Amino acid sequence: MNRRSNGLDETMDMRKVCTMRIAMTQVTTLMTSGAIALASGSLPAQSVPAAFGPDNPFYAPSTLPFHAPPFDKIKDADYLPAIEAGIEHQLEETRAIADNPAKPTFENTIVAMEKTGQLYSRVMAAFSGVTGANTNPVLQDVRSKVAPKRAAMSDAIYLNDKLFERVSKVYEERDSLHLDPESLRLVEEDYKRFVRAGARLSEADKATLKKMNEEIANLSNAFSTKLLAATKEAAFATTDKAALAGLSDAQLGAAAQAAKDRKAEGWVLALQNTTQQPTLQSLSNRATRQALFQDSWNRAERGGENDTRATIARLAQLRAQKAKLLGYPSYAAWNLEDQMARTPEAALKFMDALVPAATAKANGEAKDIQALIDAQQGGFALEPWDWNFFAEQVRKAKYDLDESETRPYFELDNVLHNGVFYAAEKLYGITFKRRMDIPVYNPDVQVYEVFEADGKPLALWYCDYFKRDNKNGGAWMSNFVEQSKLMGTLPVIYNVGNFAKPAAGEPALISFSDVITMFHEFGHALHGMFADSEYPSLSGTSVPRDFVEFPSQFNEHWASYPEVFNHYAKHYKTGEPMPAELVAKIKKAKTFNQGYAFTELLAAAELDMQWHTLGADAPLQDPDTFETAALKKTGLQLSTVPPRYRSSYFSHIWSTGYAAGYYAYLWCEMLDDDAFQWFEDHGGLTRANGDRFRRMVLSRGNTEDLKKMYAAWMGGEPQIGPMLKERGLEPEGTK
Ligand SMILES: [Zn+2]
């Protein structure tokens, strides 16, 4: 089953919402579908559209090393016919599996589906890579043209009763088939995917489900449209320059430009999607801060056509009803079934345990800020619109890290070779060699071949680090080729970033947060490179959302690990190590304002889970009443720390695929800090530790239950203690 069959637009949205998110794997567990086996890469002539023939570079598998995409031969015009042919063949081959008159077996059904989709996979891998990192109007046009066809393809596969019957048959007989554990996992995952999509429902219920899905999609769309307009409308506007005291010239210029763009007089502060607004840390006029904050907080609750409250209330209700139809007590129960946490109860228990430490720290920070207000004779009580303004003063006084001082120690190539690669070599014994002969889609892209300690080739890895106008924001990882023993393929992986490109001949001096981004994306890359699965759909980063950020965030830890840090953080001109005082500042800055930051995230995650544990029979909710009650119930109703997103503008959960999934960010953080603690307790950066982690976690993809996988490696359940320590949030008395 091909992981690239998920909706591309959904994928793009996922990228936007999490800037450090891998590109392709997130929604596949729900959308995966069979594809077409093209024996030896040739196509049956009768079904090939006229425009698609042997002269198309996607027609046959790439003959380059590791089957890397032949970017030197691919033209923009090649994508559309190749994708269309890929879709047609995928459908045709799926039908052939479904209509097979032979008795269903593991081989002729489950493995057959797994082998399908090679054409589709290779064209979509390249297409997704270039549309994300090097797009143009032609490619964007192709994207919108194929989107509905891709969605229809997924439906056609899951609504194929005959196919489901065969999958069910194999599933029922699985215990007598003497399958190896990975094959057994594949049968179970495939079967669950069909069931979760509604394959077991009666025809009448299927029709109901389809209607519900349509209404959900429409409401989701309506929410996005309303929120976009509401956010634009709610921007803070003024013609009084004094109201904007504290803003820099650059910020004022941007505000004047924003007004001009709207054909308005004066200045406009456009709203960001979060509750807090970046300019709130600079605005010295308290009335302006309050007005801007309230514009943000109430943006989608102003009555009229762009008020989202009725839309989200109905969405929550419909999702609960859909879950009930599919046999689950709540939407969260349905959505978490294939996640590491498994149940909403587990996710809630995890979050509840974090609340005391987070809120205690936030309350302490609030006290410090109030003291500062009082010392300045402010004469008022701290409100949420004051927080960032005063926190910024604390940051400047106590934690200020001047990036121009640190950048000379973070030259990009040096960070890559003596930091990112160095840590990977120490832990896993792998080595890297630049390859100049592999074609790339843009001259900024570099390609490395990765070797095992014994010299055997392991993977190809591309990096495309510099910002370009035709590149999406943020950073991400994905595959051009998936690892699979069944298909005989080794992984071809890429990392994309958005670091400022230096002038020709100048070194790229990056910030420490860019350094962290490099380690993060490389952590995803390692998860992909070490993949050692038989089946492509269980390989590498094809894991649930509440696990996928674990290897990447885990790898971030090595950026600050002294042995690694000292090896790369050297002045680009003199080679001198970074002065201890600067290193200490970087370390200290990590825990600044963490009570606030953690509490606002936790509040948003709790809101998400409360909305999605509603039962199908619950009445339509009033969002404001519901939200207040939910925050109170979870101990997160802090007057000065509002949730990072209010329900009415929480687009992650209403329109971009994170419904009942926002907790995953925090969950993965628990895993990565817990795992790093294990390394520290067992000698840190050693080959023995790295090899064990690789063998028991990084190479395993989704080939076994993730909770069991983690417990086997760790020797127990993940703990929240290391996470609280890392954020500087240990409960009182443990410091
Ligand atoms: Zn990530």
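The sections below set out a description of the structure shown in this document. (Residues numbered from 1 in each chain as written. Predicted model: local features only at pLDDT ≥ 70, side-chain atom pairs only at ≥ 80, totals over all residues. Heavy atoms only, no water.)

The next subject is the packing of aromatic side chains. This model, assessed by the stated rule, comprises 61 aromatic pairs. The interplanar angle of 40 degrees and the centroid separation of 6.2 Å between the aromatic rings of Phe 410 and Tyr 568 together place this pair among those described as tilted. One end of the pair, Phe 410, is in the loop between helix H16 (403-406) and helix H17 (412-428); the other, Tyr 568, is in helix H21 (residues 562-568), and 158 residues separate them in sequence. Across this residue pair, the class does not change: Phe 410 and Tyr 568 are buried. One aromatic cluster is present, formed by Phe 547, Phe 550, Phe 554, Trp 558, Tyr 561, Phe 676, Trp 678, Phe 679, Phe 693, Tyr 710 and Trp 713 through successive ring pairs. In this arrangement the basic side chain of Arg 196 is found over the ring face of Trp 334, its NZ or CZ atom lying 4.9 Å from the centre. Positioned over the ring face of Tyr 658 is Arg 545, at 5.1 Å from the centre of the ring. (Phe/Tyr/Trp six-rings, centres within 6.5 Å; stacked < 30°, edge-to-face > 60°. Helix = DSSP H or I, 4+ residues; strand = E, 2+ residues; numbered from the N terminus. Buried < 20%, exposed > 50% of the residue type's maximum accessible area, 1.4 Å probe, protein only. Lys NZ or Arg CZ within 6 Å of the ring centre and 35° of its normal.)

Turning to the pattern of salt bridges, a few remarks are in order. In total, this model carries 42 salt bridges according to the counting rule given. One salt bridge connects Glu 726 with Lys 590, and the closest N-O pair in it is separated by 3.2 Å. Taken together, the residues span a long stretch of sequence, with Glu 726 in helix H29 (residues 721-726) and Lys 590 in the loop between helix H22 (580-589) and helix H23 (594-612) at a distance of 136 residues. The network of salt bridges with common partners includes Glu 301, Asp 307, Arg 309, Asp 624, Glu 627 and Arg 646. (Salt bridge = Lys/Arg side-chain N within 4 Å of Asp/Glu carboxyl O.)

Once that is clear, we can look at the side chain of Ser 62. Of note, Ser 62 is situated in the loop between helix H2 (28-31) and helix H3 (76-98). The buried category is assigned to Ser 62, whose relative accessible area is 11%. Polar side-chain contacts of Ser 62 include one of 3.0 Å to the backbone nitrogen of Leu 64. Within the structure, Ser 62 has its side chain in polar contact with the backbone oxygen of Ala 68 (distance 2.5 Å). Ignoring anything within four residues of it in the chain, the contact list for Ser 62 reads His 67, Ala 68 and Pro 70. (Polar contact = N/O pair within 3.5 Å; in protein donor to acceptor, adjacent residues only side chain to side chain. Contact = heavy atoms within 4.5 Å.)

Let us now look at unusual backbone geometry. Positive phi values are uncommon outside glycine, yet Gln 377 reaches one of about 55 degrees. Within the secondary structure layout, Gln 377 lies in the loop between helix H14 (344-375) and helix H15 (384-399). Overall, the relative accessible area of 70% leaves Gln 377 in the exposed class. Despite not being glycine, Ala 660 shows a phi value in the positive range, around 55 degrees. Along the polypeptide, Ala 660 turns up in the loop between helix H25 (651-654) and helix H26 (663-681).

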